[in-house]
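Below are the chains, spelled out letter by letter.
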Amino acid sequence: MPRFLADLRAPQVADLSAGAVAILPIGSIEQHGPHLPLSTDLVVADTLARDAATAFGDEIELVLLPTLAYSKSNEHAWSAGTMWLSATTLLAVLDDIARCLATTPVQRLVMLNGHGGNSALLQVASRDIRLAHGLRTFVMHPSLPPDHGGTAPASELGMGIHAGLEETSLMLHLRPDLVRMDLAERSVPEHLASFERVGWGRPVSFGWLSDDFGTNGTLGDPTGATAERGKERYEAMLAAAGESLREIARFDPRRPR
Ligand SMILES: [Zn+2]
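Values in this document were obtained by computation on a predicted structure and should not be read as measured data.

**Quick notes on unusual backbone geometry**
Backbone geometry at Leu157 places phi at a positive 55 degrees, although glycine is not the residue there. Here Leu157 is to be found in the loop between strand 5 (136-140) and helix 5 (165-174). Despite not being glycine, Ala163 shows a phi value in the positive range, around 65 degrees. Structurally, the position occupied by Ala163 is in the loop between strand 5 and helix 5. Take Ala163: there are 30 C-beta atoms within 10 Å of it, and that puts it in the buried class.

**What to know about the nonpolar core**
By size, the foremost hydrophobic cluster in this structure holds 46 residues, and its most contacted members are Ala22, Ile23, Leu24 and Leu112. Looking at this core, the elements with two or more residues in it are strand 2 (21-26), helix 2 (40-56), strand 3 (62-64), helix 3 (87-101), strand 4 (108-113), helix 4 (119-133), helix 5 and helix 6 (227-250). In terms of residue count, the dominant contributor to this core is helix 2 (8 residues). When residues no more than four places from it in sequence are discounted, the contact partners of Ala22 are Val63, Leu65, Leu101, Val106, Arg108, Leu109 and Val110.

**Here's the deal with the packing of helix 3 against helix 4**
It is the contact of helix 3 with helix 4, at a shortest axis distance of 10 Å, that shows an interaxial angle of 40 degrees. Considering only the axes of helix 3 and helix 4, their crossing is right-handed. Contacts between helix 3 and helix 4 involve Ala87, Leu90, Leu91, Leu94, Asp95, Ala98 and Arg99 on the former and, on the latter, Leu121, Val124, Ala125, Asp128, Ile129, Ala132 and His133. Grouping the amino acids of the contact of helix 3 with helix 4 by side-chain chemistry returns 10 nonpolar, 1 polar and 3 charged.

Calculation rules
Residues numbered from 1 in each chain as written. Predicted model: local features only at pLDDT ≥ 70, side-chain atom pairs only at ≥ 80, totals over all residues. Helix = DSSP H or I, 4+ residues; strand = E, 2+ residues; numbered from the N terminus. Buried ≥ 20, exposed ≤ 12 C-beta atoms within 10 Å, placed from the backbone. Core = buried A, V, L, I, M, F, W, Y, C linked by C-beta atoms within 7 Å. Contact = placed C-beta atoms within 7 Å. Axes fitted to C-alpha atoms, helices over the stretch in contact; angles between N-to-C directions. Left-handed = near helix turned anticlockwise from the far one by under 90°. Nonpolar A, V, L, I, M, F, W, Y, C, P; charged D, E, K, R; others polar.

Structure below.
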């Protein structure tokens, strides 16, 4: 049975077990090109977390925390409507949430991150929370973006990282009412493919803002997106989340005796 922390009564919290896995979905409110809503990362992280809690909640003791809608989206600060937290604010919020969770019997916290721009900060938070509050911490993504070593359609040259084919297909599956395919445009900074050392997934990374590329805020090619593709991707993401959560529930870094 899935457990939604906010729906529990206080005495039920004391009955949670030390083996339970808390999931904190993290979304974002940020520009996603002209064709997708600001809530795109929020929709994906929130829906996946709920569906995973429902699908695997009988087998694994999962405790779903309310989704954090705002996160570190300052690469999109140029676009009105993007609502971003600074790195220090987000670190502080995560530390506060973890401190409160640590007062319950639950000892494992998974940050299910829907926004690639949070990844480096979540690695820092993951270790700091481990030290400060003793929780076992994990960071997972609905799917690994290409700039994090994930695969991407060849047509996007490894640059389909924002509002491109995969993300647009997912939204056509999850919330077609919020997608305007008539406004979707290919926006791939193709000249970057000629750099061998500097770039996403390359030895030298670079600090970037999403208006550095002269595109419309999209980084990728959403034009071939379909709901069918999105459904297939979503079902694969949900199955992978189940496998990850099963391992997280039994993961122990100590060498067995
Ligand atoms: Zn996104």
